[in-house]
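# An overview of the molecular structure
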Amino acid sequence: MNMLDVQDVVKCFGTTIALDHTSFSLRNNDFLVLAGPSNSGKTTLFRLLSGLEQPDAGTIWLNGVNIGMMKGGARKVALVSHKYGVANQLSVYDNIAQPLRFRRQSKKIVDQQVQSALEILELQHIQKMPVKRLSGGEIQRVVIARAMVRDADLYLFDEPLAQLDPHTHHRAQQAIQLVHRLKGAISIYATQHPASALTIATRLALIYQGRIQQIGTPEEVLRRPANLFVAEYLHQPRLNQVPASVHATDTGYLIQADGFNFILPPAWRASFAQLANQTSVILGIRPNTILSTLTPPSPDASGYIHIPAQITHIDHLMGKWTMQLRVGQQTSLVAELKDIHHPSLQTGTRIEIGLHPVDICLFHPTARTLLPPPSW
Ligand SMILES: Nc1ncnc2c1ncn2[C@@H]1O[C@H](COP(=O)(O)OP(=O)(O)OP(=O)(O)O)[C@@H](O)[C@H]1O
């Protein structure tokens, strides 16, 4: 079983803290999408994992071995990145063969492995061509094929699909998924644009200012973002943020926002204790959790809050409606509604929307952290 444990790793460049006490663990067959904006520490982490840099503090364990200070060549780690490019003068075949020849494998083994990688990545027809004559998408596939012939326990894909057109992007992503599946190793895929990679992720982490903000399954992180930074970074269209007040009542907690209110059960007591003396929260409402009462089945099932709303802007594309809604006096919500068949929907139309309290995240008003629901 493969295991990666990054424990309390720190890396500084002069006064810049690139990684600030970073910790996380991955297990067999985990495919982690590591998302974060520019300068958040993704490449630095990869350089430490692959041995191009050493940590100032902390440890990196791969399969029970502390590899943090080990030379890059001694680690079973493959780094796939256009930044650590291919040899432009060499042919596709020779580029893929390079890591095997470096390890002094026999000619027969080199040929077997290269041919297999060429076939899987559909590069046979250009195997003799020098890399300098290839398109961007073909070069990406050569880089992936070169990693594929490595016998690694950990694969690192550093923004591997940047600048590819949608079709090539899709093919290269399938190739990455294939490498991951065939190798049965841990993979980490770093990107500023996580959306498309989420389909192949088993884990999703958000890194910001050198710190892992949250790690979990994509479902967990998307449904319950640990803080508003995570929510704002991941949600497209963006998470609605609505200020509200909290008041204890006989039956639980009354949450009052502009234009709607609802009750949360007494079990929320521990979460609201984090507010100390404050009575305000921020409600996080994902656009795709808002239902229209025009949507069959209508949200009449118990527990839904019914809210009168007015459409202030509407976009429609292939059965999906993105609407800007006015709720209450001045609250604006973005809703993503699917499959509503109503010809009269237009700017100005008054509709009723349904929202379930279970789908609403509550955040601390100043710390901007999630107030975890009681069942968590
Ligand atoms: N060799 C270096 N010397 C000085 N500062 C560095 C060095 N490498 C990284 N940094 C700094 O460390 C921080 C993290 O950089 P890093 O390249 O790891 O971010 P990133 O998330 O990979 O960004 P991007 O998505 O733009 O590639 C940045 O502030 C960067 O300027």
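About the thresholds
- Residues numbered from 1 in each chain as written.
- Predicted model: local features only at pLDDT ≥ 70, side-chain atom pairs only at ≥ 80, totals over all residues.
- Heavy atoms only, no water.
- Domains from an automatic or database assignment.
- Core = buried A, V, L, I, M, F, W, Y, C linked by side-chain atoms within 4.5 Å.
- Buried < 20%, exposed > 50% of the residue type's maximum accessible area, 1.4 Å probe, protein only.
- Contact = heavy atoms within 4.5 Å.
- Pairing = 2+ DSSP bridges.
- Helix = DSSP H or I, 4+ residues; strand = E, 2+ residues; numbered from the N terminus.
- Axes fitted to C-alpha atoms, helices over the stretch in contact; angles between N-to-C directions.
- Near = heavy atom within 4 Å.
- Polar contact = N/O pair within 3.5 Å; in protein donor to acceptor, adjacent residues only side chain to side chain.
- Areas by Shrake-Rupley, 256 points an atom, 1.4 Å probe, with all protein chains shown as cover.

Attention now moves to the domain arrangement of the protein chain. Along its sequence, the protein chain is carved into domain 1 (3-223) and domain 2 (240-363). One C-alpha centre belongs to domain 1, the other to domain 2, and the line joining them spans 40 Å.

This next bit is on the nonpolar core. Grouped together as the largest cluster of nonpolar side chains are 47 residues, with contacts concentrated most on Val 33, Ile 96, Val 114, Leu 123, Ile 144, Tyr 155 and Tyr 189. In this structure, Tyr 155 is in contact with Ala 78, Ala 147, Met 148, Arg 150, Val 179, Lys 183, Ala 185, Ile 186, Ser 187 and Ile 188, ignoring residues within four places of it in sequence. In terms of nonpolar packing, the next biggest core, distinct from the first, is built from 35 residues, Val 242, Tyr 253, Leu 264 and Leu 325 among them.

Turning our eyes to something else, we now look at the sheet that holds strand 5 (residues 65-66). Read from one edge to the other, the open sheet built from four strands follows the order 2-1-4-5, with strand pairing classed as antiparallel. With one partner strand each, in any of the chains shown, strand 2 (16-27) and strand 5 form the two edges of the open sheet. Bridge analysis of strand 1 (residues 3-13) against strand 4 (residues 57-62) gives five bridges, and the strand direction is antiparallel. Across the sheet, residue Val 10 finds its bridge partner in strand 4, namely Ala 57. In this fold helix 1 (residues 42-50) packs onto strand 1, strand 2 and strand 4, with an angle of close to 120° to the strand it touches most, strand 1.

Let us now look at the site of the ligand. The environment of the ligand is formed by 13 residues, the closest being Ser 38, Asn 39, Lys 42, Thr 43 and Thr 44. The backbone of Asn 39 places a nitrogen or oxygen atom 2.8 Å from an oxygen atom of the ligand. One of the side-chain nitrogen or oxygen atoms of Thr 43 is found 2.7 Å away from an oxygen atom of the ligand. In isolation the ligand has 630 Å² of accessible area, and contact with the protein removes 64% of it.

Alignment of strand 1 against strand 2, held across eight bridges, turns out to be antiparallel. Across the sheet, the residue bridging to Met 3 is Arg 27, located in strand 2. Linking strand 1 back to strand 2 in an antiparallel pair, the connection comprises two residues, with Gly 14 at a positive phi of about 60°.

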